[in-house]
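Residue strings, one per chain:
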Amino acid sequence: MTSRSRHQSKDAAAASAGFGARTARRIDKDPRLPSQKKQPRTWRTRTDPLTDVWPRVLEMLGIPGVMAVTIFEDLQDELGLDALPDSVRRTLERRIAKWRALHGEDKEVFFPQRHDPGRQALSDFTVTDSLGVTIAGEPFPHRLYHFRLACSGWEHARVILGGESFSAVAEGLQDALWKLGGVPREHRTDSLSAAFKNLDRDAERDFTKRYGDLCRHYGMEPTRNNPGVANENGSIEAANGHIKIRLDQRLRRRGSRDFDSLEAYRAFVGSVCDRHNARRAKAVAAERETLKTLPKRRTTDFAMVTAKVTRNSTINVDRILYSVPSRLIGNKIEVRLFDDRLECFLGPDPVMRMTRARTDRARGHSNDYHHLIGTLRRKPQALRYLVYREALFPRAAYARAWTALDEALPPRDACRSMVALLALASTCEAIEITLADRLDAILDAGRLPDLAKLEIEFASKPSSSSEVAIPEPNLEAYDRLLPSACEVRP
């Protein structure tokens, strides 16, 4: 039409536009596009299979949250497969979807949020058992404490051995803040519901108070999302999946999911986070400038428990009976309960440090035979029916040795021999490990441990004292130190 306005003929204008004269004549008659000319079809090509059942469908749509497939299956149960065959299912689902778009309830709207630098950090726990990590060949079920800045995406992860406890939150959060080198204005969590679900009202208030004190120490405002609304923590919930994918990919590149120790695995997780943070170095550097300064020192990152040492030389902490040195029987000790360890104090004096144990049962045991071997040597028969006997053996080889001795020897001799083996193992850790290997070899050969031979083999030999010869000092060496200027001059 632009070409026609320049006083060109119809054929010339059509050639200029790149189409034929016939098309030009059709456009002159009706300038609408082909899509504008198409009339919607108002007739059906086949009978509507839902005419009779649609009123019943509308009744069922009044049930909140009911799915279209549920309605379809219920109608099949009522009317039979002949009246409503499977081929009608997709038609029903499309009809219901259209009805809900026109007449259904309003859906929830998700509002995108702006993340200002230095304003918000988020924390969450995520289970990572699916990674299949092992420590020294043993399965290692665990979870990660995950900390992330909402704006720049800087993150920190700490391997957690237990549940979502205050000590796990306090240790992980403080490690992240001191590694980051600054403090955001707000710290957001998911209400720590997993940490609260097994607590009574007083314990929950105590947890909330300690968490509030932790945030106040760093000058952060503690906030929570609404319970059960994970999308409100989307900046960390989605990142939980991403960090597990990165860990899985790095483990595949590594070629093995086994680590020599927990420290080695923690270093591996830290390296994965460092690689991720390095890719955001520019954004992280900009956000660091907006963070508040750290306080002068860290604050409490443990729970304090007072435990009395029973006459069994044990303390009960978080459903676990731990053995302690018998000299502490009758005393009350203060236990600092961390995620992975216990630190015990008698007044201000440190007493001992133990690895924290976990249990899914009503009660568990964590015993160190070094604490009890002195009394067991005086009372070896107590071993036979000891409640935590299996937990007393330091390695599987010692449990095998007890089974073999108990089956082959009289009860009194079996107890004496086993206690003597434990006493020999308690000499030092090297002997404990070597003796375990020796016991495995003896039992694999179908023989019983010969206590006398083992005591000779592993008896600690006193170091022979050797005389030390001290040579006479060479005085000429001192003379060479004197400068020639010391000579008498005329």
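First things first, this report covers the structure right here in the doc. All of these numbers come straight from a predicted model, not from anything done at the bench.

Along the protein chain, the regular secondary structure elements total 19 helices and 15 strands. Each of the 490 residues in the protein chain was classed as buried or not, and the buried ones make up 38%. Long-range pairs, those at least 24 residues apart, make up 63% of the contacts in the protein chain with a sequence separation of at least 6. Element-wise, carbon and sulfur atoms account for 51% of the exposed surface of the protein chain, whose accessible area totals about 30600 Å².

Attention shifts here to the pattern of salt bridges. Tallying each qualifying case throughout the model produces 31 salt bridges. Residue Glu-78 is joined to Arg-56 by a salt bridge in which the shortest nitrogen-to-oxygen separation is 2.9 Å. Placement of the pair is Glu-78 in helix 5 (residues 68–79) and Arg-56 in helix 4 (residues 54–60), with a sequence separation of 22 residues. Here Asp-213 and Arg-216 are joined by a salt bridge, their closest N and O atoms 2.2 Å apart. Residue Asp-213 and its partner Arg-216 are located together in helix 9 (residues 201–218), separated by 3 residues, close to a single helical turn. Judged by relative accessible area, Asp-213 falls into the partly exposed class, the value being 31%.

To continue, consider helix 7 (residues 166–180). Compared with the 21 Å implied by 1.5 Å per residue over 15 residues, the 21 Å span of helix 7 between its first and last C-alpha is a close match. The element helix 7 is largely enclosed, with a buried count of 12 among its 15 residues. Every buried residue of helix 7 is listed here: Phe-166, Ser-167, Ala-168, Val-169, Ala-170, Glu-171, Gly-172, Leu-173, Gln-174, Ala-176, Leu-177 and Leu-180. The positive-phi residue at the C-terminal boundary of helix 7 is Gly-181, with phi of around 90°.

A word on the environment of Tyr-211. By the secondary structure assignment, Tyr-211 is in helix 9. Ignoring anything within four residues of it in the chain, the contact list for Tyr-211 reads Phe-166, Val-169, His-187, Thr-189 and Pro-222. Side chain to side chain, Tyr-211 and His-187 meet in a polar contact 2.8 Å long.

Attention now moves to the sheet that holds strand 10 (residues 314–317). Spatial ordering of the open sheet is given by 10-11-15, a layout of 3 strands whose pairing is mixed. Each having just a single partner strand, strand 10 and strand 15 (364–366) make up the two edges of the open sheet. Strand-to-strand twist across the sheet, computed as the mean angle between neighbouring axes with direction ignored, equals 25°. Relative to strand 15, strand 11 (residues 320–323) runs parallel, the two being bridged by 3 bridges. In the strand pairing of strand 15, Tyr-322 is matched with Ser-366.

This part takes up the nonpolar core. One finds Tyr-398, Met-418, Leu-435, Leu-439 and Leu-454 to be the most contacted residues of the largest nonpolar core, which totals 31 residues. Once residues lying within four places of it in the same chain are set aside, the contact partners of Met-418 are Leu-383, Phe-393, Tyr-398, Ala-401, Trp-402 and Leu-405. Judged by nonpolar contacts, the second largest core, of 23 residues, contains Ala-168, Leu-180, Cys-215 and Tyr-218.

Quick look at the packing of helix 16 (residues 411–425) against helix 17 (residues 429–444) now. Where helix 16 meets helix 17, the axes come as close as 8 Å, and the angle between the chain directions of the two elements is 135°. Taken together, helix 16 and helix 17 sit at an angle that is classed as oblique. In this structure, helix 16 uses Leu-421, Leu-424 and Ala-425 to contact helix 17, whose residues at the interface are Ile-431, Glu-432, Leu-435 and Leu-439. Here the contact of helix 16 with helix 17 is built from residues that sort into 6 nonpolar, no polar and 1 charged.

Rules and cut-offs
- Residues numbered from 1 in each chain as written.
- Predicted model: local features only at pLDDT ≥ 70, side-chain atom pairs only at ≥ 80, totals over all residues.
- Heavy atoms only, no water.
- Helix = DSSP H or I, 4+ residues; strand = E, 2+ residues; numbered from the N terminus.
- Buried < 20%, exposed > 50% of the residue type's maximum accessible area, 1.4 Å probe, protein only.
- Contact = heavy atoms within 4.5 Å.
- Areas by Shrake-Rupley, 256 points an atom, 1.4 Å probe, with all protein chains shown as cover.
- Salt bridge = Lys/Arg side-chain N within 4 Å of Asp/Glu carboxyl O.
- Expected span 1.5 Å × (residues − 1).
- Polar contact = N/O pair within 3.5 Å; in protein donor to acceptor, adjacent residues only side chain to side chain.
- Pairing = 2+ DSSP bridges.
- Axes fitted to C-alpha atoms, helices over the stretch in contact; angles between N-to-C directions.
- Core = buried A, V, L, I, M, F, W, Y, C linked by side-chain atoms within 4.5 Å.
- Parallel < 35°, antiparallel > 145°, perpendicular 65-115°, else oblique.
- Nonpolar A, V, L, I, M, F, W, Y, C, P; charged D, E, K, R; others polar.

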